[in-house]
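Structural description and commentary
Residues per chain, in single letters:
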Amino acid sequence: MKNCDEHNVCDHLSKRLVDGGKGFKALHTVKRDSNETRFLGVAYKTSAKDKGLLLNWCPWCGGKPGYFECDKAMPANADVTGLAPEGDKS
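Notes on the structure in this doc start here. (Residues numbered from 1 in each chain as written. Predicted model: local features only at pLDDT ≥ 70, side-chain atom pairs only at ≥ 80, totals over all residues. Heavy atoms only, no water.)

1. A few points about the sheet that holds strand 1 (residues 23–30)
We apply this condition: For two strands to pair, DSSP has to find at least two bridges joining them. Numbering of helices and strands runs from the N terminus; a helix is a DSSP stretch of H or I covering at least four residues, while a strand is a stretch of E covering at least two.
Ordered in space as 1-2-3, the three strands form an open sheet in which the pairing is antiparallel. Looking along the sheet, the strands with just one partner apiece sit at the ends: strand 1 and strand 3 (53–54). Sheet analysis places strand 1 next to strand 2 (residues 37–45), joined by eight bridges and oriented antiparallel. From the neighbouring strand, Lys-25 faces strand 2, where its bridge partner is Ala-43.

2. Overview of the side chain of Lys-25
Spelled out, the test is: The definition of a polar contact used here is a pair of N or O atoms within 3.5 Å, where within protein one atom must be able to donate a hydrogen and the other to accept one, and adjacent residues in sequence count solely through side-chain atom pairs. Any two residues whose heavy atoms approach within 4.5 Å are treated as being in contact.
Mapped onto the elements, Lys-25 comes out in strand 1. One polar contact links the side chain of Lys-25 to the main-chain carbonyl oxygen of Gly-21, over a distance of 3.2 Å. Excluding residues that lie within four positions of it along the chain, Lys-25 makes contacts with Leu-17, Val-18, Asp-19, Gly-20, Gly-41, Val-42, Ala-43 and Lys-45.

3. A word on the environment of Cys-58
Here Cys-58 lies in the loop between strand 3 and helix 2 (67–70). Through-space distance from the C-alpha of Cys-58 to that of His-12 is 9.3 Å; in sequence the pair is 46 residues apart.

4. Notes on the environment of Arg-16
Of note, Arg-16 is situated in the loop between helix 1 (11–14) and strand 1. Apart from the residues within four sequence positions on either side, Arg-16 is in contact with Phe-24 and Trp-60.

5. Side note on the side chain of Lys-45
Quick note on the threshold: For every residue, the accessible area (1.4 Å probe, protein chains only) is compared with the maximum for its type, and the residue is labelled buried under 20%, exposed over 50%, or partly exposed between those bounds. Counted charges follow a simple rule, with Lys and Arg positive, Asp and Glu negative, and His plus the chain ends left uncounted. Whenever a carboxyl oxygen of Asp or Glu lies within 4 Å of a side-chain nitrogen of Lys or Arg, that contact is scored as a salt bridge.
Along the polypeptide, Lys-45 turns up in strand 2. For the buried residue Lys-45, which engages in no salt bridge, the nearest side chain bearing the opposite charge is Asp-50, 7.2 Å off. A polar side-chain atom of Lys-45 sits 3.2 Å from the main-chain carbonyl oxygen of Ala-48. Residue contacts for Lys-45: discarding those within four places in its chain leaves Gly-21, Lys-22, Gly-23, Lys-25, Asp-50, Lys-51 and Gly-52.

6. Comments concerning unusual backbone geometry
Its identity as a non-glycine residue notwithstanding, Asn-35 has a phi of 60°, on the positive side. Checked against the element boundaries, Asn-35 lands in the loop between strand 1 and strand 2.

So, in structure tokens, the structure goes:
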């Protein structure tokens, strides 16, 4: 049953990733200095305004989507310099 892609997202989960509204969302980050896009993981949103919950395991195959499995060299407290705190408009 486990047919995961390069981001450890299985077929069942990838078919359920949607744009807009509620449901499973693919999250990506972009490095400012290189414009490199990186897959962060999958979040589940209960409504369009919900910030969502980042999944650390797949409910179908038990895999670890996103950086939980793909980038073991990156520490959990990844460098987030340059990101403004929520609510900071400066």
